Amino acid sequence: MKIDELKVLFSEEQIQKRIKELADEMNKLYKKEEVTAICVLKGAVMFAADLVKHLDMPIQMEFIRLSSYGAGTTTSGKVHAVDISLPDLNNKNVLIIEDIVDTGLTAKFLTDFINNNFKTKSTKFCSLLDKKISRVTDIEPDYFGFEIDNKFVVGYGLDFDGYFRNLRYIGYKN
Ligand code: 5GP
């Protein structure tokens, strides 16, 4: 995949506008209550960083690393916890921040992990992108930025073989 083969799916302006809308919704929901935001590395790094800047409540940020994709554009179908060390989340409002929900296996793994290990005050799942068409689980994000059809996207944190995470837009190979 080469950068000049990419078509823009969501521009920087569209992404930033939608993130501000999501943050406004969350600010209303949490009403200044403290939130622990969990960024799922590496893909959600840009989204999480931009989203929390618009949140008004006291925030603690945590970072965990999972992987499900093998080489290229094929999912391995298995979620692998690379680093899932977390503080005590009992009685906390937990907001999981992901880049994309595809099959939903990662989202399910994570929400089950949190709910099996902690009695949180609330657990919400937020994903920038939602590929509803590829879902194999019954998981739905509480918040999502954009629904997309079944294309492999890169940019704004999302990679192809480790590249393209630094793009300010989200694109796909035409
Ligand atoms: P799921 O477990 O829902 O099948 O997949 C979630 C993970 O797969 C995402 O966090 C992301 O890392 C990866 N993924 C799924 N679809 C895409 C895509 O279109 N592009 C990229 N770059 N990664 C994807």
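Here's what I pulled together on the structure shown here. What you see is a predicted model; the values in this text were computed from it and never measured.

## Notes on the nonpolar core
Judged by nonpolar contacts, the single largest core of 31 residues is most densely connected at Phe-47, Leu-51, Leu-95 and Leu-129. The dominant element in this core, judged by the number of residues it contributes, is helix H1 (residues 12–30), at six residues. Excluding anything up to four places from it in sequence, Phe-47 contacts Ile-19, Leu-22, Ile-97, Glu-98, Cys-126, Ser-127, Leu-128 and Tyr-156. By size, the runner-up hydrophobic cluster in this structure holds 16 residues, among which are Leu-66, Ile-84, Leu-89 and Phe-125.

## Quick notes on the site of the ligand
By nearness alone, 17 residues border the ligand, and Asp-99, Thr-103, Thr-106, Val-153 and Asp-159 come closest of all. With respect to the ligand, the side chain of Lys-131 contributes an N or O atom lying 2.9 Å from an oxygen atom. Between a nitrogen atom of the ligand and a main-chain N or O atom of Val-153, the distance comes to 2.7 Å. Relative to its unbound accessible surface of 500 Å², the ligand loses 92% to contact with the protein. Per-element accounting of the shell around the ligand gives the leading share, four residues, to strand E5 (residues 93–101).

Cut-off values and rules
- Residues numbered from 1 in each chain as written.
- Predicted model: local features only at pLDDT ≥ 70, side-chain atom pairs only at ≥ 80, totals over all residues.
- Heavy atoms only, no water.
- Core = buried A, V, L, I, M, F, W, Y, C linked by side-chain atoms within 4.5 Å.
- Buried < 20%, exposed > 50% of the residue type's maximum accessible area, 1.4 Å probe, protein only.
- Helix = DSSP H or I, 4+ residues; strand = E, 2+ residues; numbered from the N terminus.
- Contact = heavy atoms within 4.5 Å.
- Near = heavy atom within 4 Å.
- Polar contact = N/O pair within 3.5 Å; in protein donor to acceptor, adjacent residues only side chain to side chain.
- Areas by Shrake-Rupley, 256 points an atom, 1.4 Å probe, with all protein chains shown as cover.

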